[in-house]
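Structural description and commentary
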Amino acid sequence: MAKVLIATEKPFAPAAVQSIREIVENAGFELALLEKYTDKAQLFEAVKDADALIVRSDKITAEVVEQTQNLKIVVRAGAGYDNLDLEALTAKGVVAMNTPGQNSNAVAELALGMMVSIARNNYAGTSGSELKGKSLGIHAYGYVGKGVATIAKGFGMKVYAYDPFIDKSIMINDGVEVVDSVEELYSKCRYISLHIPANEHTKESINYNLLMSMPKGATLVNTARKEVIHEDDMLRVLSEREDFRYASDIAPDNKEIIANKFEGRFFFTPKKMGAQTSEANINAGIAAANQIVAFIKEGDRTFQVNK
Ligand code: 3PG
């Protein structure tokens, strides 16, 4: 009997686990659960006899892959798969997949929520500003970027987007103004919402020049990955521009310095919260379970990311 392991340091909502269990058991497989683990030794032990693995941002390193004896597939229940060592998985013949779009609404809602929070001075009782009429630049127009555009238009924001990998007509049909370079996006928009993945091309790519080019009252909202920000540059920008604010779904490594020096000009979640809703957990969890069953039973490789 194939064994499917859910290994989530940050657990799914119970209803999501229940839905996954039903799909896995109806397929005749066994479900094992490792939640809120605090030590990688627990993960090492749990993956040993698993045939399939469902994870979130859990780091599946070469060391973890080495412990597995039966593993055939790992599904990252979510969009970004920078937590998976694809090289190690491929070398061991393990298929890696993600579940694109399944948790995107939750992340899009949080991006707007963080914009409101920071525009209202984190509800400190002082007079803030409104989003209506302000320019918003969406940096990468995947599922989350598209969701942010839809909600932001409801707020009355003027929405721009840059994404060289997406057909312009998709953005134009959504009523979004397409710009031709990342520099143009940042120089036009008072708010920027980041939706790029973290990879060798994007890490630390959000740098001093881009941030300094933003108009007065600039706010960067990051629900992507902290690694895409050049943290030293961000510090420099915050010290040189009193009008600059930074909201991030997960605190940067230098959060203490920012908290000490720039009170009221940042908002950080202590744990990544973008996809932490029961709806997102259920959607991504069900997709992951269905993808595993389809792969093991029919060899279906849709959504494979390590081709
Ligand atoms: C994603 O890439 O899908 C999001 O960042 C959510 O990550 P999480 O599942 O760790 O909350």
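Below: a short report on this structure. (Residues numbered from 1 in each chain as written. Predicted model: local features only at pLDDT ≥ 70, side-chain atom pairs only at ≥ 80, totals over all residues. Heavy atoms only, no water.)

What to know about the packing of aromatic side chains
Going by this rule: When two rings of Phe, Tyr or Trp (its six-membered ring) have centres within 6.5 Å they constitute a pair, described as stacked for plane angles under 30 degrees, edge-to-face for angles over 60, and tilted for the intermediate range. Put simply, DSSP marks the helices as runs of H or I at least four residues long and the strands as runs of E at least two long, and each gets a number from the N terminus on. A 1.4 Å probe rolled over the protein chains alone gives each residue an accessible area, and that area as a share of the maximum for its type sets the label: buried under 20%, exposed over 50%, partly exposed in between. Remark: a charge is flagged as sitting over a ring if the NZ atom of Lys or the CZ atom of Arg is within 6 Å of the ring centre and within 35 degrees of the ring normal.
Within this structure, the stated rule accounts for 2 aromatic pairs. Measuring from centroid to centroid gives 5.6 Å for Tyr246 and Phe268, while their planes differ by 75°, and the two rings are edge-to-face. Taken together, the residues span a long stretch of sequence, with Tyr246 in strand β11 (residues 245–248) and Phe268 in strand β12 (residues 266–268) at a distance of 22 residues. Each member of the pair, Tyr246 as well as Phe268, carries the same accessibility label: buried. An aromatic cluster of at least three residues, connected via ring pairs, comprises Tyr246, Phe266 and Phe268. In this structure, Lys158 is placed above the aromatic ring of Tyr160, and the distance from its NZ or CZ to the ring centre is 5.2 Å. Here Arg236 stacks its cationic end above the ring of Tyr208, 3.6 Å away from the centre of that ring.

Thoughts on unusual backbone geometry
In terms of backbone geometry, most residues other than glycine have negative phi values and most peptide bonds are trans. One non-glycine residue, Asn121, lies in the positive phi region at around 55°. Along the chain, Asn121 turns up in the loop between α5 (104–119) and β6 (135–139). You will see that Tyr123, though not glycine, has its phi angle at about 60°, which is positive. Relative to the helices and strands, Tyr123 is located in the loop between α5 and β6.

Here's the deal with the nonpolar core
Where we set the bar: Take the buried residues of types Ala, Val, Leu, Ile, Met, Phe, Trp, Tyr and Cys, join any two whose side-chain atoms come within 4.5 Å, and each joined set is a nonpolar core. Any two residues whose heavy atoms approach within 4.5 Å at even a single point are treated as in contact.
Within the largest apolar cluster, 33 residues are counted, with the highest numbers of intra-cluster contacts made by Tyr186, Leu194, Ile206, Leu211, Leu220 and Phe244. Within the residue set of this core, elements represented by two or more residues are β7 (158–162), α8 (182–188), β9 (191–194), α9 (208–212), α10 (231–240) and β12. Looking at this core element by element, the count peaks at 4 residues for α10. For Leu211, the contacting residues outside a window of four places in its chain are Tyr186, Ile206, Leu220, Met234, Val237, Arg241 and Phe244.

Brief notes about the site of the ligand
Spelled out, the test is: By convention in these notes, a residue is near a molecule or strand provided one of its non-hydrogen atoms lies within 4 Å of it. Polar contacts, as used here, are pairs of N or O atoms within 3.5 Å; protein pairs need one atom able to donate a hydrogen and one able to accept it. Residues neighboring in sequence count only if both atoms are side-chain atoms. Using the Shrake-Rupley algorithm and a 1.4 Å probe, accessible areas are obtained, with residue cover drawn only from the displayed protein chains. Basically, the charged four are Asp, Glu, Lys and Arg, the nonpolar ten are Ala, Val, Leu, Ile, Met, Phe, Trp, Tyr, Cys and Pro, and anything else, Gly included, counts as polar.
Surrounding the ligand, one finds Lys10, Arg56, Ser57, Arg76, Gly78, Ala79, Gly80, Asn103, Arg225, Lys272 and Ala275. Lys10 is positioned such that a nitrogen or oxygen atom in its side chain is 2.8 Å from an oxygen atom of the ligand. At 2.3 Å, a side-chain N or O of Ser57 approaches an oxygen atom of the ligand. Here the ligand has 320 Å² of accessible area as a free molecule, and 95% of this is covered by the chains. Grouping the amino acids of the shell around the ligand by side-chain chemistry returns 2 nonpolar, 4 polar and 5 charged.

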